[in-house]
Amino acid sequence: MAAKGAASSSNDYVEQLLLEMVAHMLSHEDFEALLTWMRDSAQRFFGHMDFVDEGGPRALAAMVARSAWNRMPLPGNHFKPRPVPTPGRNDSCPCNSGAKYKHCCAELPSFESFSADDIWTAVAIQLPAAQLRVAIETKRMPPIALAEAARRELLAAFCARAGSAEVAERPIARGWNRSLRSGSASSVLGPRSSARGAVGRLMDVDY
Ligand SMILES: [Zn+2]
């Protein structure tokens, strides 16, 4: 399998993929369910890319699923990941080609889809408000995701005061898109310590 052209296309599908994948993991917390859903969604997410064979989208979907899952902070696991091992060489391949792993996707170069910062930020955007506070209190949330959490709390407070829930989501998504593109928490937030201090003051949390 080979892919080209992804970088030149819009980033929107990447952001959409990350949000949908994290939403799935938050609601199911089940790797096999994620893998099945990703394979079923492969054409929608990766169909526009050029692959050398028709199984390419499914193979990429299976790799992205495992890579993202292994970094996903699971609410049911105190917001720690529960990584799955690399498939055994004689296992049937996770891409569902029907071949053994060693004859199929084991031959592909190793691949990392989203960083922990990306995934945590998508969690901070989508987690129900009640769970968001729990996630913050684990002190595992990286600064970039804390910024989103703080933004949500501030917006919720603002909207409650203004009597409007309407504007709450859009500014959050814009902030996240910017951070995902820059790929750097520090470019948005400055040094880690000052970000933590600011979030602690904003949210009345001992961070
Ligand atoms: Zn495969």
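Summary of the structure given here. Computed from a predicted structure; not experimentally measured.

What counts as what
- Residues numbered from 1 in each chain as written.
- Predicted model: local features only at pLDDT ≥ 70, side-chain atom pairs only at ≥ 80, totals over all residues.
- Helix = DSSP H or I, 4+ residues; strand = E, 2+ residues; numbered from the N terminus.
- Contact = placed C-beta atoms within 7 Å.
- Axes fitted to C-alpha atoms, helices over the stretch in contact; angles between N-to-C directions.
- Parallel < 35°, antiparallel > 145°, perpendicular 65-115°, else oblique.
- Left-handed = near helix turned anticlockwise from the far one by under 90°.
- Core = buried A, V, L, I, M, F, W, Y, C linked by C-beta atoms within 7 Å.
- Buried ≥ 20, exposed ≤ 12 C-beta atoms within 10 Å, placed from the backbone.
- Domains from an automatic or database assignment.
- Nonpolar A, V, L, I, M, F, W, Y, C, P; charged D, E, K, R; others polar.

**Examining the overall build of the protein chain**
Counting its regular elements, the protein chain contains 10 helices and zero strands. Mapped from its N terminus to its C terminus, the protein chain presents α and β elements in the order α-α-α-α-α-α-α-α-α-α. Of the contacts made within the protein chain by residues no fewer than 6 positions apart, 60% connect residues no fewer than 24 positions apart.

**As for the packing of helix α1 (residues 12-28) against helix α5 (residues 116-126)**
Contact pair α1 / α5: the axes reach a minimum separation of 9 Å and the direction vectors enclose 70 degrees. It follows that α1 is roughly perpendicular to α5 by the angle criterion. Note on packing geometry: the crossing formed by α1 with α5 is right-handed. Here α1 contributes Leu18, Leu19, Val22, Ala23 and Leu26 to the contact with α5, which in turn contributes Asp118, Ile119, Ala122, Val123 and Gln126.

**Observations regarding the nonpolar core**
The biggest cluster of nonpolar side chains holds 42 residues, and the ones touching the most others in it are Val123 and Ala124. Secondary-structure elements contributing two or more residues to this core are α1, α2 (31-40), α3 (42-46), α4 (56-69), α5, α6 (129-137) and α7 (143-162). Of the residues forming this core, the biggest block, nine residues, is contributed by α4. Domain assignment of the residues forming this core places at least three in each of domain 1 (12-114) and domain 2 (118-203). Among all residues touching valine 123, those that are not within four sequence positions of it are Val22, Leu26, Pro73, Ala135 and Ala145.

**So, the packing of α5 against α7**
For any two helices packed against each other, one specifies the crossing angle of their axes together with the interaxial distance. At their nearest, the axes of α5 and α7 sit 8 Å apart, and the two run at 15 degrees to each other. Classified by the angle between their axes, α5 and α7 sit roughly parallel to one another. Crossing geometry of α5 relative to α7 is assigned as right-handed. Side by side, α5 and α7 meet where Asp117, Trp120, Thr121, Val123, Ala124 and Ile125 of the first sit next to Ile144, Ala145, Glu148 and Ala149 of the second. When the residues that make up the contact of α5 with α7 are grouped by side-chain class, the tally is seven nonpolar, one polar and two charged.

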